[in-house]
Amino acid sequence: MNPNQAHQLGKTHPGGNLAAVDELPGGAEPVTPHTGRFLPASRYRHPGDVIRLIVSAVVLTGTLAAVAVAHSRLLSPGAPAVTWPGSGPAGRLLTGLVQVAFVVAAAGIAAAALRHRRFRLLAGLTAAAAAAGATLAGILYLAGDQHPHAVTAATGHGSWLASAAFPCPALLAAAAAVTVAAAPWLSRPWRRTAWITLGAAAAARLITGTVLPAELILAFSAGVTVGADVLVTFGVPDRRIGPGGIAAALRSAGLQVTSVDPAGVEAKGSRPFAAATDDGQRLFIKALGADQRDADLLYRTYRYARLRNVGDTWPAASVIRAVEHQALITVMAERAGVRVPRVDRVIKSGGGTALLVMDRVDGSSRGHLPAQQISDDLLRRLWAEVDRLHRAGIAHRSLRAANVMVDDDMLPRLTDFSFSELAATQRQKDLDLAELLASLAILAGPDRAVSSAAAVIGAQALAAAVPLLQPLALSAATRRAIARHDGLLAATRSAAAAASGLSGQPLARLQRVRPRTLLAIAAAAGAFYFILPQLAQVSSSWHALQSAHWAWLPVIIAASALTYLASAAALIGAVPGPVPFWPATLTQAASSFVNRVSPANVGGMALNARFLQKNGVPPSAGVAAVGVNALMGAVAHLILLVIFFTLAGHQLGQAFKLPPASKLLLLLAIAAALTGIVLATRQGRRFATTRLVPGLRSAAASLRTVAASPVKLTLLAGGSALITLAYIGGLAASVQAFGGGAGITECGAVYLGAALIAAASPTPGGLGAIEAALVAGLTGIGIAPGPAVSAVLAYRLATYWLPVLPGWISLRILQKRDYI
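What you see is a predicted model; the values in this text were computed from it and never measured.

**Let's talk about the overall build of the protein**
Step number 1: Along the backbone of the protein there are 30 helices and twelve strands.
Step number 2: Going through the 820 residues of the protein one by one, you find that 48% of them count as buried.
Step number 3: Looking at the protein alone, contacts between residues at least 24 apart form 75% of all its contacts between residues at least 6 apart.
Step number 4: Roughly 37800 Å² of accessible area belongs to the protein as shown, and the carbon and sulfur atoms make up 65% of that amount.

Following this line, the structure appears as structure tokens:
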């Protein structure tokens with residue numbers, strides 16, 4: 001039998017039997033190339049259509065967001081449009097040619113469908129065109145473009161065939177939807193011709209000024225979205241290679257097969273076939289095409305967006321490379337003594353399909369193995385195979401029960417190396433162990449699974465898998481199966497921790513960003529970014545945006561970039577030893593990303609301490625250096641606050657109204673009393689003696705060491721001051737971009753006061769609090785509410801939101817180069 005048909009340790013079924021299940025590598029369950037349950041047998045859903053649907057929907061959403069923000073500049077009759085070649089003869093000729101091509105293409109599609117009696121296809125294409133046109137018309141209406149032909153009417157030139165409004169954006173969207181929806185029924189040359197024709201028509205409409213660029217982007221994205229949605233919903237014709245094509249490919253490779261039939265297993269990562277040759281050899285063939293590769297790309301992209309530190313890599317460059325990779329790893333595993341199906345050869349067949357030919361392995365049909373036959377000896381043999389695989393430097397990456405086969409001699413074999421890694425990291429091997437522990441606990445119980453593992457791989461290897469015994473680290477099949485047994489995963493983790501001798505280990509963090517964190521940030525940002533303009537007169541804010549001098553924007557961005565250079569200099573100055581400058585700068589950029597999800601810059605400080613430790617600074621000295629850097633930043637801020645408030649003078653009277661001196665003294669007295677009460681308690685004294693005093697002593701020692709070097713002291717103090725000055729410069733440039741009205745001293749005083757107020761906010765980066773304080777401060781020094789809100793929004797966009805992507809890239813670079 002083939003590897004997927006022999007005994008497999010799989011899902012538990014009624015009666016205690018174990019059934020064979022095969023999934024996409026890694027437990028993925030994206031849209032697969034399998035025929036959907038509601039589709040006829042002649043159709044299936046292609047993952048490439050899902051990718052097109054997602055990409056086009058993202059483009060459509062982004063364009064709509066841009067139109068909502070800048071409607072007058074993108075979608076109004078006064079929006080900039082290309083006017084060459086104008087209304088002259090060349091423009092009329094080009095417009096007429098486009099209209100002729102459009103009419104001929106539509107007539108050609110209808111005639112071809114009628115000729116081949118594809119009435120259902122013609123009806124589907126007509127429905128897709130109508131849906132795309134109606135969708136775009138609705139979008140334009142909701143976006144405020146209630147006169148979509150105003151632009152073309154303003155150009156005043158039609159052609160000798162029709163007015164300049166034909167084809168309108170709605171018709172272009174319909175044409176894009178028809179092109180996408182009809183693609184599976186067209187040959188490659190005809191598909192290229194269709195897209196070239198549609199692209200030429202769009203380009204001609206653009207350069208003649210009869211359509212706006214935003215309308216064109218909306219038309220194409222809406223059309224592609226609707227067309228891809230039609231294909232995902234109703235499927236595409238199944239023209240993948242079948243048994244006849246498989247037999248022809250095998251014979252062309254020198255294998256004289258007498259029969260080829262679909263294998264009796266469900267496979268989502270490949271299409272399995274069983275074959276027999278004239279000399280009695282029995283073969284198992286895995287066929288991989290473009291649909292499997294698209295499914296793999298979709299799955300890995302999803303995991304990359306959701307998970308971190310799980311060792312995923314990007315898919316192979318082509319289908320044949322993916323099959324060669326799987327064959328190579330299988331051969332290398334066999335050479336290392338691991339029991340795997342023997343690879344016969346790799347064949348490249350027509351239609352972009354690659355075949356992996358392996359020997360079929362004897363075993364019982366349908367893969368049913370009674371639960372009582374899962375002996376301790378079988379479990380230990382399985383762990384021995386996995387240990388041998390790992391010693392060869394290979395990680396299976398998909399060691400769920402479905403990929404473990406038991407032959408007629410009750411010997412385990414490992415199958416399906418499509419997701420494996422040849423030069424595996426330790427984390428990838430640990431994930432293998434966690435996956436196998438969880439899957440075996442379902443079948444044999446946590447105690448037997450853990451004891452058999454400890455007997456073979458040892459307590460140390462078992463301990464590394466304990467933090468990974470969590471749902472996110474498991475495949476979809478194992479996660480679903482173990483969820484049916486309440487408390488089984490926790491029991492397995494406890495048993496593994498006890499067997500390894502290490503208890504109380506925290507779970508490894510695998511989720512890249514928690515959804516609740518994203519929701520909290522989005523809610524806070526949305527609340528302040530939408531409420532503030534309303535409080536400060538929406539109309540004047542939008543008017544200020546429209547009349548802004550955007551030449552100041554590069555200055556704001558440059559000031560934001562300068563803060564990271566200055567922060568790197570300050571960090572280097574806080575450390576007695578040498579620290580590389582550019583990695584330190586990347587660390588500051590990465591901190592901007594980390595601090596977006598952590599209040600009070602806690603994440604950034606921890607990242608800096610980790611960076612210093614990886615660069616040879618002792619942990620205690622690194623933490624002290626980060627503390628000294630933060631302390632010097634606070635001192636620089638207070639000094640600059642006094643200087644700018646003194647220079648600004650009475651102009652800040654309306655911006656920041658301080659309470660009377662008597663109230664300030666009362667507040668100080670209350671704060672001193674609360675501090676005394678806390679220190680009078682046992683917990684307060686313990687905190688002061690174990691955390692506060694040692695930290696202050698360490699910071700003081702580090703500060704004395706830094707003060708002994710004039711260069712280090714200059715870097716620390718100068719960098720700390722330059723950070724604040726750069727932010728002040730960015731705010732002043734933003735104010736100038738929206739009409740000015742305040743000098744740099746007033747802007748500096750407003751920023752320093754607002755930052756001091758926002759420091760008490762628990763939100764990441766003072767989100768919301770600093771925006772409100774800055775708007776209040778700017779309006780207090782005489783700037784109109786509309787320009788004040790616009791200036792604050794532009795300033796925060798450049799200094800808070802735009803650095804997020806570079807910060808994430810910097811974090812990835814630091815991780816890849818082992819700087820953190």
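After that view of the structure, there is still more to cover.
**Regarding the packing of aromatic side chains**
Step number 1: This model, assessed by the stated rule, comprises six aromatic pairs.
Step number 2: Measuring from ring centre to ring centre gives 5.8 Å for Y299 and F419, while their planes differ by 45 degrees; the resulting arrangement is tilted. Residue Y299 is found in helix 10 (residues 290–306), and its partner F419 is found in the loop between strand 12 (412–414) and helix 13 (426–444); the two are separated by 120 residues along the sequence.
Step number 3: Of the residues examined, F419 reaches a relative accessible area of 2% and is grouped as buried.
Step number 4: Each ring, one from Y727 and one from Y751, has its centre 5.9 Å from the other, and the planes form 25 degrees; the classification is stacked. Of this pair, Y727 sits in helix 26 (residues 710–737) while Y751 sits in helix 27 (residues 744–758), and the two are 24 residues apart along the sequence.
Step number 5: Y751 sits in the buried class, given a relative accessible area of 9%.
Step number 6: Directly above the ring of Y44 sits R240, whose terminal nitrogen or CZ lies 4.0 Å from the centroid.

**Considerations on the nonpolar core**
Step number 1: In terms of nonpolar packing, the biggest core is built from 51 residues, with W383, L414 and L437 touching the most fellow members.
Step number 2: Mapped onto this core, the elements with two or more residues apiece are helix 11 (319–335), helix 12 (376–391), strand 11 (404–406), helix 13, helix 14 (446–457), helix 15 (459–465), helix 16 (476–483) and helix 17 (488–500).
Step number 3: Not counting residues up to four positions away in its chain, the partners in contact with L437 are W383, A449, V450, A453, L462, A465, L469 and T492.
Step number 4: Core analysis: the next-biggest nonpolar cluster, separate from the first, contains 32 residues, A648, I770, A773 and I783 among them.

**As for the packing of helix 1 (residues 47–69) against helix 10**
For any two helices packed against each other, one specifies the inter-axial angle together with the distance between the axes.
Step number 1: Two elements in contact, helix 1 and helix 10, have axes separated by 7 Å at closest approach and are oriented at 40 degrees. By the criterion of interaxial angle, the relationship of helix 1 to helix 10 is oblique. Note on element contacts: helix 10 touches helix 1 through D291, D294, A295, L297 and L298, opposite P47, G48, V50, I51 and I54.

**Points about the pattern of salt bridges**
Any two side chains of opposite charge can pair, on the condition that their charged atoms come close.
Step number 1: Counted by the stated rule, this structure contains 18 salt bridges.
Step number 2: A salt bridge links R342 to D344; the shortest N-O distance between them is 3.5 Å.
Step number 3: Of the residues examined, R342 reaches a relative accessible area of 36% and is grouped as partly exposed.
Step number 4: In this structure, D818 and K614 form a salt bridge, with 3.1 Å as the shortest nitrogen-oxygen distance. Separated by 204 residues along the polypeptide, D818 in the segment after helix 30 (804–816) and K614 in helix 22 (residues 602–614) bring together distant segments of the chain.
Step number 5: Since its relative accessible area comes to 47%, D818 is described here as partly exposed.
Step number 6: Taken together, the salt bridges that share partners define one network made up of R342, D344, R345 and D359.

**Re the side chain of R300**
Step number 1: Relative to the assigned elements, R300 resides in helix 10.
Step number 2: For R300, a relative accessible area of 8% corresponds to the buried category.

**Here we look at the sheet that holds strand 10 (residues 354–359)**
Step number 1: The sheet built from five strands is open, its strands ordered 6-7-8-10-9 with antiparallel pairing. Lying at the two open borders of the sheet, with one neighbouring strand each, are strand 6 (257–262) and strand 9 (343–348). Taken over all neighbouring pairs, the strand axes of this sheet differ in orientation by 25 degrees on average, direction set aside.
Step number 2: Sheet topology places strand 8 (residues 282–288) next to strand 10; six bridges connect them, and they run antiparallel.

**Brief notes about empty space enclosed by the protein**
Taking a probe equal in size to a water molecule and rolling it over the atoms shows the remaining empty space.
Step number 1: Applying the stated criterion across every chain, the model contains four cavities of 30 Å³ or more.
Step number 2: One number sums up the size of the largest cavity: a volume of about 170 Å³.
Step number 3: Taken together, 15 residues form the lining of the largest cavity, with R303, R397, L431, E435 and A473 sitting closest to its centre.
Step number 4: Among the secondary structure elements, those contributing two or more residues to the lining of the largest cavity are helix 10 and helix 13.
Step number 5: Along the lines of polarity and charge, the residues of the lining of the largest cavity split into eight nonpolar, three polar and four charged.

**Quick notes on the packing of helix 20 (residues 553–574) against helix 29 (residues 785–801)**
Step number 1: Interhelical geometry of helix 20 versus helix 29 gives an angle of 35 degrees and a closest axis separation of 9 Å. Crossing angle aside, the handedness with which helix 20 passes helix 29 is right-handed. Between helix 20 and helix 29, the contacting residues are I556, I557, S560 and Y564 on the first element and Y795, A798 and T799 on the second.
Step number 2: Residues belonging to the contact of helix 20 with helix 29 are distributed by class as follows: five nonpolar, two polar and no charged.

Calculation criteria
Residues numbered from 1 in each chain as written. Predicted model: local features only at pLDDT ≥ 70, side-chain atom pairs only at ≥ 80, totals over all residues. Heavy atoms only, no water. Helix = DSSP H or I, 4+ residues; strand = E, 2+ residues; numbered from the N terminus. Buried < 20%, exposed > 50% of the residue type's maximum accessible area, 1.4 Å probe, protein only. Contact = heavy atoms within 4.5 Å. Areas by Shrake-Rupley, 256 points an atom, 1.4 Å probe, with all protein chains shown as cover. Phe/Tyr/Trp six-rings, centres within 6.5 Å; stacked < 30°, edge-to-face > 60°. Lys NZ or Arg CZ within 6 Å of the ring centre and 35° of its normal. Core = buried A, V, L, I, M, F, W, Y, C linked by side-chain atoms within 4.5 Å. Axes fitted to C-alpha atoms, helices over the stretch in contact; angles between N-to-C directions. Parallel < 35°, antiparallel > 145°, perpendicular 65-115°, else oblique. Salt bridge = Lys/Arg side-chain N within 4 Å of Asp/Glu carboxyl O. Pairing = 2+ DSSP bridges. 1 Å grid on protein atoms, 1.4 Å probe; cavity = no way out; pocket = protein on both sides within 12 Å on 5 of 7 lines; lining within 4 Å. Points joined across faces, edges and corners; volume = space filled by probe spheres on them. Nonpolar A, V, L, I, M, F, W, Y, C, P; charged D, E, K, R; others polar. Left-handed = near helix turned anticlockwise from the far one by under 90°.

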